[in-house]
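# Summary of structural features
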Amino acid sequence: MRPQNKLCLSLLATLSLVAGTAPSATAAEEGSPAPWPPADTDGEYLPVPDEYYEPIAFPACGTSVTMTSGDVQDVHYKSRVKRDGSTVVKFRGSGTVDLTADPGGDLPDGGFIDELDVSGPGSQRISADKSVVVEVLEGPSIVYPVSATDSAALDRGGFPELFSFDDGKLKIETSLSEDENAAEPDSVEIVRDTTRGVVDLCQVLEDSTDHS
């Protein structure tokens, strides 16, 4: 997970976050990435960097789905370094996303979802050694996989492969590999689920092409 694409922190954010691929606003202006998590913001909410809104593609629904920022892009974050060395990053604001599915797999005609609301707040707690990330997503939000480990965790939790939820919370704990080149986390577990109004977005994408 990486801290982009609105308040849909998703399973992808963890890997990129801890790998330090998410640049800060200042670093982006200078053209060089800064490590993530960001420095303590002294309790102040700051606008997320532009990179937060960049498109991202991921495998879902038997094909490739691209998520882009919608018309609403007003997300802020604050970061706090705790006494134990862990960092808590909180996100709030408003955001929408568009989803475009390539034709193929379970979606032979592709599909499109316009202006999906993902304005629910979220947070990440990153351990001092950056080996464990705990994320809390609040609805409305979106969750999507980028690896087999992610997909397996969602399946164990009884969730669709790609989904949104209207209300409630989803808490996800990810343990990262000590191997910096690892493509997947060691484990992904859903540790709390009070979500309501879960929507299978693969089905919505499929229905979007039904012209009958």
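Above: the structure in question.
These lines cover the structure that appears in this document, whether it is placed above or below. Everything quoted here is computed from the prediction, not taken from an experiment.

About the cut-offs
- Residues numbered from 1 in each chain as written.
- Predicted model: local features only at pLDDT ≥ 70, side-chain atom pairs only at ≥ 80, totals over all residues.
- Heavy atoms only, no water.
- Patch = residues over 30% accessible without salt bridge, like charges linked within 9 Å, V, L, I, M, F, W, Y side chains within 5 Å.
- Areas by Shrake-Rupley, 256 points an atom, 1.4 Å probe, with all protein chains shown as cover.
- Salt bridge = Lys/Arg side-chain N within 4 Å of Asp/Glu carboxyl O.
- Lys, Arg positive; Asp, Glu negative; His and termini not counted.
- Charge placed at Lys NZ, Arg CZ, Asp CG, Glu CD.
- Helix = DSSP H or I, 4+ residues; strand = E, 2+ residues; numbered from the N terminus.
- Contact = heavy atoms within 4.5 Å.
- Disulfide = S-S within 2.5 Å.
- Buried < 20%, exposed > 50% of the residue type's maximum accessible area, 1.4 Å probe, protein only.

Another aspect to go through is a negative patch on the surface. Together, D106, D109, E161, D200, E206, D207 and D210 make up a negatively charged patch on the protein surface. Its location among the elements puts E206 in helix α4 (residues 201-207).

A separate point is the environment of D166. Here D166 lies in the loop between β9 (163-165) and β10 (169-175). Spatially, the C-alpha atoms of D166 and G139 are 4.7 Å apart, while their sequence positions differ by 27 residues. The contact partners of D166, leaving out residues within four places of it in the chain, are G139, P140, R196 and G197.

For the rest of this paragraph, the subject is the state of the cysteines. Per the stated rule, a full pass over the model turns up one disulfide. Linked covalently through their sulfurs, C61 and C202 form a disulfide whose S-S length is 2.0 Å. Linking C61 and C202, the disulfide has an S-S dihedral of approximately -85 degrees and is accordingly described as left-handed. Of this pair, C61 sits in the loop between β2 (56-60) and β3 (63-81) while C202 is found in helix α4, placing the two residues 141 residues apart along the sequence. As far as the burial class goes, C61 and C202 line up, both buried.

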